[in-house]
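# Close look at the chain arrangement
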Amino acid sequence: MSGIVEDIVQSIMTPGYTATGVIKLMFYAFYLLFATLTVMIFLSGGNLHVIALLVLSVCLFLTIRWFIAEMDRIKAQEQAKKE
């Protein structure tokens, strides 16, 4: 866990896109959100509001993963141009 904390502190101090620790922490938070909403679906008897929240959170998670992948692709292209 100290590796993630070090990555977060380093990403705050380093300019540019270097937030690997923050991204890992965000993914863990999303996983906990998915687990919580799944449990809430079972406890609420399939409440449509909770299902909608789960669908929205999954869509947000996938959109963020896509955006991060695009940022990594652009970063790789910029490094290839420099070389």
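Further up the page is the structure itself.
Residues numbered from 1 in each chain as written. Predicted model: local features only at pLDDT ≥ 70, side-chain atom pairs only at ≥ 80, totals over all residues. Heavy atoms only, no water.

## Side note on the overall build of the chain
- The helix and strand inventory of the chain stands at 3 helices and 0 strands.
- The order of α-helices and β-strands along the chain, N terminus first, is α-α-α.
- Compactness check: the chain gives a C-alpha radius of gyration of 17 Å against a globular reference of 12 Å for 83 residues, more than 25% above the reference.
- Its C-alpha atoms give the chain principal-axis dimensions of about 55 × 30 × 15 Å. (Helix = DSSP H or I, 4+ residues; strand = E, 2+ residues; numbered from the N terminus. Rg over C-alpha atoms; globule rule 2.2 N^0.38 Å.)

## With respect to helix H3 (residues 48-82)
- For H3, with 35 residues, the first-to-last C-alpha span of 51 Å sits near the 51 Å given by 1.5 Å per residue.
- Among all positions in H3, only Val50, Leu54, Ser57, Phe61 and Ile68 are buried.
- Each element contacted by the buried residues of H3 is listed here: helix H2 (20-43).
- The backbone nitrogen of His49 has a side-chain oxygen 3.0 Å away, supplied by the residue at the start of H3, namely Asn47. (Expected span 1.5 Å × (residues − 1). Buried < 20%, exposed > 50% of the residue type's maximum accessible area, 1.4 Å probe, protein only. Contact = heavy atoms within 4.5 Å. Polar contact = N/O pair within 3.5 Å; in protein donor to acceptor, adjacent residues only side chain to side chain.)

## Looking at the packing of H2 against H3
- Axis separation between H2 and H3 bottoms out at 9 Å; the angle between their running directions is 160°. Comparing their axes, H3 and H2 come out roughly antiparallel. In terms of crossing hand, the pair formed by H2 and H3 is left-handed. Contacts between H2 and H3 involve Ile23, Met26, Phe27, Phe30, Tyr31, Leu33, Phe34, Leu37, Thr38, Met40 and Ile41 from the first element and Val50, Ile51, Leu53, Leu54, Ser57, Val58, Leu60, Phe61, Ile64, Arg65 and Ile68 from the second.
- Of the residues that constitute the contact of H2 with H3, the class distribution is 19 nonpolar, 2 polar and 1 charged. (Axes fitted to C-alpha atoms, helices over the stretch in contact; angles between N-to-C directions. Parallel < 35°, antiparallel > 145°, perpendicular 65-115°, else oblique. Left-handed = near helix turned anticlockwise from the far one by under 90°. Nonpolar A, V, L, I, M, F, W, Y, C, P; charged D, E, K, R; others polar.)

## Some details on the environment of Leu33
- Counting through the fold element by element, Leu33 comes out in helix H2.
- What makes Leu33 partly exposed here is its relative accessible area of 34%.
- Here the alpha-carbon distance between Leu33 and Lys82, two residues 49 residues apart in the chain, equals 40 Å.

## A few points about a nonpolar patch on the surface
- A contiguous nonpolar surface patch, about 430 Å² in accessible area, is contributed by Val5, Val9, Ile12 and Met13.
- For Met13, the position within the fold is in helix H1 (residues 2-13).
- Residue class for Met13 comes out exposed when judged on its relative accessible area of 66%. (Patch = residues over 30% accessible without salt bridge, like charges linked within 9 Å, V, L, I, M, F, W, Y side chains within 5 Å. Areas by Shrake-Rupley, 256 points an atom, 1.4 Å probe, with all protein chains shown as cover. Salt bridge = Lys/Arg side-chain N within 4 Å of Asp/Glu carboxyl O.)

## Quick notes on the environment of Tyr28
- Along the polypeptide, Tyr28 turns up in helix H2.
- Residue classification places Tyr28 among the partly exposed positions, given a relative accessible area of 43%.
- Taking C-alpha positions, Tyr28 is 15 Å from Ile68, a pair spaced 40 residues apart along the chain.

None of this, on its own, says anything about what the molecule does.
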